[in-house]
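One letter stands for each residue in the lines below.
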2 protein chains.
Amino acid sequence: MMSMNLIITVDRNDERSLQTQLYEALREQILKGSLPAGKRLPSTRSMSEQLGIARNTVMLAYERLAAEDYITSRAKAGIFVNHKLPDATVLLRNGHGAAQPLRKRLRLGKNPTFTGRSPQLWHEKRTRPQFDFFVGRPHPAGFPTTFWQRAVTRHLTYARGTQTEYGDPQGLAALREAIAAHLAETRGISPGADQIMITSGIQGALNLLARIFLAGASKASVAVENPCYQGAAYLFGSYGASICPIDVDEQGIIVSQLEGFMGNLVYVTPSHQFPTGCTLSLDRRLHLLDWAYQTGSYIIEDDYDSDFRYDGPPLTALAGLDRNGHVIYLGTFSKSIGAGLRIGYAVLPRHLIDPARIVKTLTDNGAPWLEQAVIADFLKEGAFLRHLRRIRRSYMGARDAVVEAVAKHFPGGELLGQECGMHMMWTLPPNLPSANEMHRLARNCGVGLYPFAGAAVHEYGTPGRFRERSLVLGYTGLGQEDIREAFGRVADILALS
Amino acid sequence: MMSMNLIITVDRNDERSLQTQLYEALREQILKGSLPAGKRLPSTRSMSEQLGIARNTVMLAYERLAAEDYITSRAKAGIFVNHKLPDATVLLRNGHGAAQPLRKRLRLGKNPTFTGRSPQLWHEKRTRPQFDFFVGRPHPAGFPTTFWQRAVTRHLTYARGTQTEYGDPQGLAALREAIAAHLAETRGISPGADQIMITSGIQGALNLLARIFLAGASKASVAVENPCYQGAAYLFGSYGASICPIDVDEQGIIVSQLEGFMGNLVYVTPSHQFPTGCTLSLDRRLHLLDWAYQTGSYIIEDDYDSDFRYDGPPLTALAGLDRNGHVIYLGTFSKSIGAGLRIGYAVLPRHLIDPARIVKTLTDNGAPWLEQAVIADFLKEGAFLRHLRRIRRSYMGARDAVVEAVAKHFPGGELLGQECGMHMMWTLPPNLPSANEMHRLARNCGVGLYPFAGAAVHEYGTPGRFRERSLVLGYTGLGQEDIREAFGRVADILALS
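Definitions and cut-offs
- Residues numbered from 1 in each chain as written.
- Chains lettered and ligands numbered in written order.
- Predicted model: local features only at pLDDT ≥ 70, side-chain atom pairs only at ≥ 80, totals over all residues.
- Heavy atoms only, no water.
- Least-squares fit on C-alpha atoms with pLDDT ≥ 70 in both.
- Contact = heavy atoms within 4.5 Å.
- UniProt positions renumbered as here; feature names shortened; annotations may be inferred.
- Helix = DSSP H or I, 4+ residues; strand = E, 2+ residues; numbered from the N terminus.
- Polar contact = N/O pair within 3.5 Å; in protein donor to acceptor, adjacent residues only side chain to side chain.
- Domains from an automatic or database assignment.
- Phe/Tyr/Trp six-rings, centres within 6.5 Å; stacked < 30°, edge-to-face > 60°.
- Buried < 20%, exposed > 50% of the residue type's maximum accessible area, 1.4 Å probe, protein only.
- Lys NZ or Arg CZ within 6 Å of the ring centre and 35° of its normal.
- Buried area = accessible area lost by both parts, 1.4 Å probe.
- Salt bridge = Lys/Arg side-chain N within 4 Å of Asp/Glu carboxyl O.
- Nonpolar A, V, L, I, M, F, W, Y, C, P; charged D, E, K, R; others polar.
- Pairing = 2+ DSSP bridges.
- Axes fitted to C-alpha atoms, helices over the stretch in contact; angles between N-to-C directions.
- Parallel < 35°, antiparallel > 145°, perpendicular 65-115°, else oblique.
- Disulfide = S-S within 2.5 Å.

Take chain A, turn it by 180°, move it 0.0 Å along the axis, and it overlays chain B with an RMSD of 0.1 Å. Taken together, the turn and the small shift mark the pair as related by a two-fold rotation axis. Same-surface contact between copies: 100% of interface residues of chain A are shared with the interface of chain B.

This is the structure in structure tokens:
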């Protein structure tokens, strides 16, 4: 017998199934109390007839209500709203909660506690300009699609089971071995595969180190280059560390400024300083290592884009000079293959491996197996070195096109960091407007030129010699013709304005 | 003219190239001071003759030394060790550092500051027993290999460029939309795609939440079920939070024990409590939601394995009952497809999305694109639901085989959590030895039976009713025949012992 309070409607045009609609409507009535504890529900036959829906649909909705403890079926007596439901206050509060001004009641003042900023390497509004000099973007056509397709197909065929199991949180052994061999060959470091930790790019490696060194420390501080990569500065800051900015000049970080610094962690980009593109001089490398040795400190060497060295032989990494286990080397495949892989690595002194493994396990339980397996193949079979040679040639052409276009249209400025990597820093000549204004003007003609903040660069303190007059030119995502066209357009706009 | 101090040898059997050997030998001599600043190096011709190697090899080694500032070539005068090198103290310290007892000098007492533990879902010594009841392992044969191969090939062919670019740290929009639709269909939650954050499995989601709620809080505390999943307990503890264990019985977490708890974050597994397998009763669900509402607290609902419900209709998630944005729902593809993917997700109240995006960007900059793209397809095309139906049937058979084998060989105990998921908790009958002893005996006949600690379960305080007498039986990695064979072997061993 249908209760007076029980108004149930179902709608065939609703995107929910009839069963779900009936289940939800009855649940709502029970929670609101209009179907109180002990009340008998209509039989499945009666409900089915009244609503004009299949009896089986009603039965399934009832079964779900019973499984979730809302109703009980008593043999021969019928189906009843459960007596064990909580008291009416609870039911009403939950039933009507949405209508209350609840945000006030959420004591958000005391939680969550996180505050911080992050760099924007990705933008929701993907209105990238036609000619985009955003930093660190490999050329899409350079991705080794055919190799990837074959390797994935092969791995999925023969290595069934590895996708379903948990893997080593430190990373696939085959990949760590391949990276160790690659570093010995190209960067003058000879780590054991057991010293390598696979991470989610450089950012994942930085987060791992921040958790090991900074989380839990009551008064941590980190020295960073000034200017430096936003993702590092913001990360260290988000763990509550105080940041000690150390200035950078044409020889890289000014090591003598570390005197008096009270922390014992310094973050540097020795091969190709971000954003200036300078290389840390040998003199300063040795002094930096000595400082670390004397003070018991650690150096984080972010070697994000040294895969591409255009003029002269490759430089040994800072970690290759380190005799005392004071350097933590970070590398990534984001620049050499693609950031969409989210695979990088850290080379750690052996006594840091245990804490690193624990942090990594707690943080994300390791990297996806398939990415790791394919990259391992790519390295082992020599395909990676061939790939690097191929794109190095293409990037060198782009680099030359930028240098020529800047010289042709805008003489008198300065281009730093041409020797390697994927970007240069362009300090504008006096006759051009400020970096921000250049950004705005270029954007109007479809060209993306980025001042520091827009290029994921953070600078501390008063604007120095760099910020207001410098642009960071990431050129590897563009072809030579595009580069010429882009600078031509900007020159035209400036001539008109 | 060769200096007396300069003893250089190269070895064709060395795995380093001749050029690298020469470069490193000269660098070593310079750093040790046996080739002091200002010293002239032999000409490339003389060096090549003396060592019996190609002149070009010598030239390349010299070029690299010059590029790294060790030597300078002065026109017509020759090649000299650089005068700009740091003083001898620095050189010597770095040159001979490796021989000193350095670990003492590293002031590791003050850094790194991290201490903690992690669960072991992976073991380096992969001597898994023949019949392994380790928890949460999908059957390897269930992996949709063919679908994956086709989808990867298609994505790599048509979506070139997405691998080379940074993606949205929150996750691929297509995947978030597919998950939102899936949750509405199967779990009674209707989130917007903007509320979903793609994570590295449940562990990645827990770490994200821990950073938002716990890092930076001076006195954070979290309530957890007792017993509970190690990966959650250890993680919260690693952020310095105090843990408030709340007991579990056959109806799940005993909500009344939350009275007096001073924190405002509780971690629960309502669908299939880990490890007991119990389902949180409706009464307690409503009380838990009411507690969260009254105290302005958040509930983390870990719905790790509810994709497999064998008896009766699927249960609505706790988040499906929440009207007030107090529940954060966590799901994963680790159990339903494979842990090797490292893809899970969190459904967040909208006011938590901004901090979550920042933390995610700083932590790892998002998940790999290819995994996300393929899983999105798998969900969208209905293949995931077909996959779930298929493996649910197979897992149900395995579940039945366990229930039957236990009843046949070891009557008198208790099997909890049969209704859904991928494991049961077996409380041993009085005539069997302790859980640890059962583990040891079973291992001797090739069967992996896991007591709490071995099954990634953490229990607080004094051993309760569960720990010493309970095993966690993960059965989904085994076939029915294997299960029968395994229990038969254990029965035989116990009969003999």
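Let us look at the UniProt feature "domain: HTH gntR-type" (unreviewed entry) in chain A. In the numbering adopted here, UniProt assigns the feature "domain: HTH gntR-type" (unreviewed entry) to residues 16-84 of chain A. Segment residues 16-84 of chain A splits into 52% helix and 14% strand. End C-alpha atoms: 29 Å apart.

A separate point is the side chain of Arg187(B). Residues and elements named next belong to chain B. With respect to the element layout, Arg187 can be found in the loop between α7 (173-186) and β5 (196-199). Side-chain polar atoms of Arg187 contact the backbone oxygen of Leu315, separated by 2.4 Å. Those residues in contact with Arg187, other than ones at most four positions away along the chain, are His182, Ser271, Asp303, Ser306, Leu315, Thr316, Ala317 and Tyr329.

Now for the domain arrangement of chain A. By convention, interface size is frequently given as the accessible area that disappears when the constituent parts associate. Here the domain parsing of chain A yields domain 1 (18-105), domain 2 (143-382) and domain 3 (386-496). The C-alpha-based centres of domain 1 of chain A and domain 2 of chain A are spaced at 56 Å.

With that settled, the discussion passes to the packing of aromatic side chains. Aromatic ring pairs are described here by two measures, namely the spacing of the ring centres and the angle between the planes. In total, this model carries 36 aromatic pairs over all chains according to the counting rule given. Taking the centre distance of 6.4 Å and the plane angle of 55° together, the rings of Phe147(A) and Trp148(A) count as tilted. The interplanar angle of 55° and the centroid separation of 5.9 Å between the aromatic rings of Phe378(B) and Phe384(B) together place this pair among those described as tilted. This pair shows no difference in class: Phe378(B) is buried, exactly as Phe384(B) is. Each member of the aromatic cluster is reached from another via a ring pair, and the members are Phe143(A), Phe147(A), Trp148(A), Phe333(A), Tyr345(A), Phe378(A) and Phe384(A). Across the ring face of Tyr23(A), the terminal group of Arg64(A) is positioned such that the distance to the ring centre comes to 4.0 Å. Here the basic side chain of Arg211(A) rests over the ring of Tyr239(B), its NZ or CZ set 3.8 Å away from the ring centre.

Time to look at the interface of chain A and chain B. With 129 residues of chain A in contact, the opposing surface of chain B contributes 129 residues. For the pair chain A and chain B, the two sides together bury roughly 11400 Å², of which 55% comes from carbon and sulfur. On the chain A side of the contact with chain B, Tyr166(A), Arg323(A) and Leu362(A) bury the most area, a combined 7% of that side's loss. Linking chain A to chain B there are four salt bridges. Counting across the interface, chain A meets chain B through 34 residue pairs in polar contact (both at pLDDT 80 or more). A breakdown of the residues in the side of chain A that touches chain B according to their chemical character gives 56 nonpolar, 45 polar and 28 charged.

Our focus in this paragraph is unusual backbone geometry. The omega torsion across Asn226(A) and Pro227(A) is 5°, close enough to zero to call that bond cis. The omega torsion across Phe274(B) and Pro275(B) is 10°, close enough to zero to call that bond cis. Topologically, Pro275(B) is positioned in the loop between β10 (265-268) and α10 (282-295). The phi torsion at Asp69(A) lies on the positive side, around 75°, for a residue other than glycine. Within the fold, Asp69(A) resides in the loop between α3 (55-67) and β2 (71-74).

To continue, consider the sheet that holds β2(A). Residues and elements named next belong to chain A. Reading across the sheet, the three strands line up as β1-β3-β2 and stay open at both edges, with antiparallel pairing between neighbours. Each edge of the sheet is formed by a strand with only one pairing partner; in this case those strands are β1 (40-41) and β2. In the sheet, β2 pairs with strand β3 (residues 78-81) via four bridges, with the strands oriented antiparallel. Pairing of Ile71 across the sheet is with Val81, part of β3.

Next up on the list: the packing of helix α12 (residues 353-363) of chain A against helix α8 (residues 201-213) of chain B. Contact pair α12(A) / α8(B): the axes reach a minimum separation of 7 Å and the direction vectors enclose 95°. By the angle class used here, α12(A) and α8(B) are roughly perpendicular. Across the interface between the two elements, Thr361(A), Leu362(A) and Thr363(A) of α12(A) pack against Gln203(B), Gly204(B) and Asn207(B) of α8(B). Of the residues that constitute the contact of α12(A) with α8(B), the class distribution is one nonpolar, five polar and no charged.

Right, let's get into the state of the cysteines. Residues and elements named next belong to chain A. With the rule as written, the count across this model stands at zero disulfides over all chains. Cysteine Cys244 is unpaired, with the sulfur of Cys228 as its nearest cysteine sulfur at 12 Å. Accessibility expressed as a relative area gives 22% for Cys244, which makes it partly exposed. For Cys278, which is in no disulfide, the shortest distance to another cysteine sulfur is to Cys420 and amounts to 11 Å.

So, about the sheet that holds strand β6 (residues 221-226) of chain B. Residues and elements named next belong to chain B. Spatially, eight strands are ordered β5-β13-β12-β11-β10-β6-β8-β9 in an open sheet, and the strand pairing comes out mixed. One side of each edge strand has no neighbouring strand; the edge strands of this open sheet are β5 and β9 (252-253). Two elements, strand β12 (residues 327-332) and strand β13 (residues 344-347), share four bridges in a ladder whose sense is antiparallel. Among the inter-strand pairings, Tyr329 is bridged to a residue of β13, identified as Val347. Each of β5, β12 and β13 touches α7; the most contacted strand, β5, lies at about 110° to it.

All names here are of chain A. Pairing of strand β6 (residues 221-226) with strand β8 (residues 242-249) involves six bridges; the strand directions are parallel. By the bridge assignment for β8, Asn226 is matched with Asp247. Two strands pair when backbone bridges link them, and β8 and strand β9 (residues 252-253) are joined in this way by two bridges, in the antiparallel orientation. Its bridge partner lying in β9, Asp249 is registered against Gly252. Connecting β8 to the next strand, β9, in antiparallel fashion are two residues.

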